[in-house]
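Geometric and topological summary
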Amino acid sequence: MKEAYVKLEDWIMQYSDHLYSWASYRLNDPELAKDLVQDTFIAAYQSFDRFEGRSSEKTWLTSILNNKIRDYFRKNKHQIFSLNEQSGERNLDEYFDSTGAWKPEYRPSLLDEDQALLDVPEFRAILYGCLDALSDRFRKVMVGKFLDTKDSTELCQELGISASNFWQILHRAKLQLRNCLDTNWFKTS
Amino acid sequence: MKLITPIVHVFILSCRKASALIVKKQEFGLNQLESTQLKWHKSMCQYCTAFEKQVEEVDELIRKTIEEELSGKVLSDGDKKKIREELQKLVK
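Right, let's walk through the structure included here. Since the model is a prediction, treat every value here as computed from it, not as a measurement. (Residues numbered from 1 in each chain as written. Chains lettered and ligands numbered in written order. Predicted model: local features only at pLDDT ≥ 70, side-chain atom pairs only at ≥ 80, totals over all residues. Heavy atoms only, no water.)

For the rest of this paragraph, the subject is the overall build of chain B. For chain B, the helix and strand inventory stands at five helices and zero strands. From first element to last, N terminus to C terminus, chain B shows the α and β order α-α-α-α-α. When each of the 92 residues of chain B is scored for burial, the buried share is 42%. When the accessible surface of chain B is split by element, carbon and sulfur atoms take 58% of a total near 5400 Å². (Helix = DSSP H or I, 4+ residues; strand = E, 2+ residues; numbered from the N terminus. Buried < 20%, exposed > 50% of the residue type's maximum accessible area, 1.4 Å probe, protein only. Areas by Shrake-Rupley, 256 points an atom, 1.4 Å probe, with all protein chains shown as cover.)

The following block contains the structure:
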């Protein structure tokens with residue numbers, strides 16, 4: 001496994017900062033972020049033969065880290081906000097009636113001009129919570145768009161979906177994310 | 001609104017379709033027909049107008065938080081050394 005170690009040393013130099021900043025962003029705890037980055041490299045070393053080069057090294061490491069972060073949240077019962085439905089990938093019929101109109105409970109709240117989404121810590125906490133409540137696929141589409149300025153073609157490849165599929169997934173992800181924020185923020189503040 | 005809604009949807013768009021176009025617009029842009037349909041729909045539908053605005057704001061906030069949080073956070077050389085040492089323990 002000497003070969004794997006040499007490769008890993010190289011990856012630590014190249015990618016640990018990126019992984020660390022991503023982990024601290026998600027966890028908001030530098031020490032915990034360091035631990036999970038270390039765990040990520042250890043896991044990468046242990047499952048090195050399973051890295052097939054189908055995704056980039058960075059993507060592979062990031063996906064290991066994301067699993068660690070999710071495990072951490074799960075173990076520590078981080079979900080402090082309410083989702084009014086199960087958090088799976090909901091069908092569009094949940095949001096719209098047979099004529100295609102918004103169902104009353106899913107209608108976007110009509111806000112005053114000055115009631116914009118507030119960029120305050122409390123809101124960010126809910127935003128993270130709502131992002132975490134999305135299914136894996138949804139979250140990857142929502143967040144992946146902004147990471148590494150990936151273009152949508154590359155992102156589709158990584159997720160193994162077609163472009164039209166990407167748009168449909170994004171549609172559902174945004175319906176769900178917006179509704180989660182609406183329920184947990186607008187309607188309670 | 002009750003009576004008008006179904007009629008509006010036949011000639012213009014349903015909210016279901018309009019919300020899909022809103023997402024498409026933000027990612028890929030719309031053609032002339034889609035763009036006109038969406039404009040008409042929104043002129044009559046306050047909910048889809050609110051949907052578009054809120055989704056734009058959420059996108060912007062996600063982009064902003066990710067950019068902010070990702071910049072300027074690095075591991076010290078000592079931290080990286082520690083990771084290498086932990087790995088070395090596994091190499092036999």
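Looking only at helices and strands, chain A has seven helices and zero strands in total. Counting from the amino terminus, helix and strand elements in chain A follow one another as α-α-α-α-α-α-α. Burial analysis of chain A (189 residues in total) assigns 50% to the buried set. Considering only intrachain contacts with a sequence separation of at least 6, the fraction spanning at least 24 residues in chain A is 69%. For chain A, the exposed surface amounts to about 9400 Å²; the carbon and sulfur share of it is 47%. (Contact = heavy atoms within 4.5 Å.)

Soluble globular proteins tend to pack their nonpolar side chains together in the buried interior. Residues and elements named next belong to chain A. The biggest cluster of nonpolar side chains holds 76 residues, and the ones touching the most others in it are Trp11, Phe41 and Leu177. When residues are assigned to domains, this core turns out to be shared by domain 1 (2-75) and domain 2 (92-186), each giving three or more. Those residues in contact with tryptophan 11 that sit more than four places away from it in its chain are Ser16, Phe41, Phe48, Phe51, Glu57, Trp60 and Leu61. (Core = buried A, V, L, I, M, F, W, Y, C linked by side-chain atoms within 4.5 Å. Domains from an automatic or database assignment.)

On to the interface of chain A and chain B. Taken residue by residue, the interface counts 58 residues in chain A and 46 residues in chain B. Summed over both sides, the interface of chain A with chain B buries roughly 5000 Å², with 70% coming from carbon and sulfur. In this structure, the connection of chain A to chain B is made through five salt bridges. With its nearest N and O atoms 3.9 Å apart, the salt bridge here joins glutamate 9 of chain A to arginine 84 of chain B. (Buried area = accessible area lost by both parts, 1.4 Å probe. Salt bridge = Lys/Arg side-chain N within 4 Å of Asp/Glu carboxyl O.)

Under the definition given, this model contains seven aromatic pairs over all chains. Note on tryptophan 11 of chain A and tryptophan 60 of chain A: the rings are 6.0 Å apart at their centroids and 70 degrees apart in plane angle, and the pair reads as edge-to-face. With tryptophan 11 of chain A in helix H1 (residues 2-27) and tryptophan 60 of chain A in helix H3 (residues 57-75), the pair connects residues that are 49 residues apart, well separated along the chain. There is no split in this pair, since tryptophan 11 of chain A and tryptophan 60 of chain A are both buried. Note on phenylalanine 96 of chain A and tryptophan 102 of chain A: the rings are 4.8 Å apart at their centroids and 45 degrees apart in plane angle, and the pair reads as tilted. Residue classification places tryptophan 102 of chain A among the buried positions, given a relative accessible area of 4%. Sitting over the ring of tryptophan 167 of chain A, lysine 24 of chain B keeps its end group 4.9 Å from the ring centre. (Phe/Tyr/Trp six-rings, centres within 6.5 Å; stacked < 30°, edge-to-face > 60°. Lys NZ or Arg CZ within 6 Å of the ring centre and 35° of its normal.)

On to the environment of methionine 44 of chain B. Its location among the elements puts methionine 44 of chain B in helix H3 (residues 32-44). Distance from methionine 44 of chain B to isoleucine 12 of chain B, taken between C-alpha atoms, is 9.8 Å for residues 32 residues apart in sequence.

This paragraph deals with the packing of helix H2 (residues 30-46) of chain A against H3 of chain A. Residue and element names in this part refer to chain A. Where H2 meets H3, the axes come as close as 9 Å, and the angle between the chain directions of the two elements is 125 degrees. Taken together, the axes of H2 and H3 are oblique relative to one another. Helix-helix and strand crossings are classified by hand; for H2 and H3 the assignment is right-handed. Of H3, the residues touching H2 (which contributes Leu32, Leu36, Val37, Asp39, Thr40, Phe41, Ala43 and Ala44) are Trp60, Leu61, Ile64, Leu65, Lys68, Ile69 and Tyr72. A breakdown of the residues in the contact of H2 with H3 according to their chemical character gives 12 nonpolar, one polar and two charged. (Axes fitted to C-alpha atoms, helices over the stretch in contact; angles between N-to-C directions. Parallel < 35°, antiparallel > 145°, perpendicular 65-115°, else oblique. Left-handed = near helix turned anticlockwise from the far one by under 90°. Nonpolar A, V, L, I, M, F, W, Y, C, P; charged D, E, K, R; others polar.)

Scanning the entire structure with this criterion turns up one disulfide over all chains. One disulfide bridge connects cysteine 130 of chain A with cysteine 180 of chain A, the sulfur atoms lying 2.1 Å from each other. Measuring handedness by torsion sign, the sulfur bridge of cysteine 130 of chain A and cysteine 180 of chain A sits at about -80 degrees and is left-handed. With cysteine 130 of chain A in helix H4 (residues 121-133) and cysteine 180 of chain A in helix H7 (residues 163-186), this pair connects stretches of sequence that are 50 residues apart. No disulfide involves cysteine 48 of chain B; its sulfur sits 3.7 Å from the nearest other cysteine sulfur, which is in cysteine 45 of chain B. Here cysteine 48 of chain B falls in the buried class, since its relative accessible area comes to 0%. (Disulfide = S-S within 2.5 Å.)

This part is about the environment of histidine 41 of chain B. All names here are of chain B. Positionally, histidine 41 belongs in helix H3. For the pair histidine 41 and leucine 13, spaced 28 residues apart in the sequence, the C-alpha separation amounts to 6.2 Å. In this structure the side chain of histidine 41 is engaged in a polar contact, spanning 3.0 Å, whose partner is the backbone oxygen of leucine 13. (Polar contact = N/O pair within 3.5 Å; in protein donor to acceptor, adjacent residues only side chain to side chain.)

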